[in-house]
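Summary of the model geometry
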Amino acid sequence: QTTKENFSSPEIKEQMGELFWRVRGILPDGRKSEFSRVNPFRIKEPSTLKLTYPEALSELDMTPDKSVTFRWQRPETCGNFILEVSNSPDFSNQLLTEEEKVVTGYSKKVILKSEGKYYWRIKLLSRENKEITKSEDSSFTLLGAPTPKPINPSEGTNIDLTNRVEVDFSWA
């Protein structure tokens, strides 16, 4: 690759392992210098993204604010992540806007409007916003708040307040 600058950022496609590079100068009159020494470098396979919460196939009770805090970990390098949340296993119905999907850390609180089964995954992006790696797809079920069941006084009960001033209520 030829450039007039003293740097270059070529795309290296899916090459893992040890690679080598060298450089030489070309003067305006076309004369070329000797090549520099050969410099080795290593391209590692991206580390796996591990989803930590919600756990796969877990059931979560809906919180009063209807939020779920998604968490993940990666052994190295913080970067920009894309959080995808969907109510379809093929992620065809994304629930977050493009702006909401971008995360710089390892967690994101998301408001989910209703109970049901949800699917989620994380993608790690390069500085150029290209996908480097992604997690496994995972799912969880968000349970609605249980409706309390009245126990006492039961339906149709007559209460005599002659000898007392309070009524005991209980529910499950």
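Up top is the structure.
Residues numbered from 1 in each chain as written. Predicted model: local features only at pLDDT ≥ 70, side-chain atom pairs only at ≥ 80, totals over all residues. Heavy atoms only, no water.

**With respect to the nonpolar core**
- The biggest cluster of nonpolar side chains holds 20 residues, and the ones touching the most others in it are Phe70, Leu83, Trp120 and Phe140.
- Broken down by secondary-structure element, the contributors of at least two residues to this core are strand S5 (67–73), strand S6 (80–86), strand S9 (116–125) and strand S11 (138–143).
- Among the elements that line this core, the one with the most residues is S9, at four residues.
- Not counting residues within four places of it along the chain, the set of residues in contact with Leu83 comprises Phe70, Leu96, Lys101, Val103, Lys108, Val110, Trp120, Arg121 and Ile122. (Core = buried A, V, L, I, M, F, W, Y, C linked by side-chain atoms within 4.5 Å. Buried < 20%, exposed > 50% of the residue type's maximum accessible area, 1.4 Å probe, protein only. Helix = DSSP H or I, 4+ residues; strand = E, 2+ residues; numbered from the N terminus. Contact = heavy atoms within 4.5 Å.)

**A look at the sheet that holds strand S3 (residues 50–53)**
- The strand order S3-S5-S8 describes an open sheet built from three strands, whose pairing is antiparallel. At either margin of the open sheet sits one strand with a lone partner, and together these are S3 and strand S8 (107–111). Across the sheet, the mean angle separating the axes of adjacent strands is 30 degrees when strand polarity is ignored.
- Across three bridges, S3 lies against S5 in antiparallel orientation. Among the inter-strand pairings, Leu51 is bridged to a residue of S5, identified as Trp72. (Pairing = 2+ DSSP bridges. Axes fitted to C-alpha atoms, helices over the stretch in contact; angles between N-to-C directions.)

**A closer look at the pairing of strand S10 (residues 131–134)**
- When S9 meets S10, the two strands line up antiparallel, connected through three bridges. From the neighbouring strand, Lys123 faces S10, where its bridge partner is Lys134.

**Notes on the pattern of salt bridges**
- Taken as a whole, this structure holds seven salt bridges when the rule is applied.
- Across the pair Glu131 and Lys123 runs a salt bridge, and its minimum N-O distance is 3.7 Å.
- The partly exposed category is assigned to Glu131, whose relative accessible area is 44%.
- When salt bridges with common partners are traced through the structure, they connect Glu84, Arg121, Lys123, Glu131 and Asp137 into a single cluster. (Salt bridge = Lys/Arg side-chain N within 4 Å of Asp/Glu carboxyl O.)

**Considering the side chain of Ser86**
- Take Ser86: it is sitting in strand S6.
- Only 3.0 Å separates the side chain of Ser86 from the backbone nitrogen of Ser88, close enough to count as a polar contact.
- Setting aside its immediate chain neighbours within four residues, Ser86 contacts Phe91, Ser92, Asn93, Gln94, Leu95, Lys117, Tyr118 and Tyr119. (Polar contact = N/O pair within 3.5 Å; in protein donor to acceptor, adjacent residues only side chain to side chain.)

Everything listed here is a matter of geometry and, on its own, says nothing about what the molecule does.
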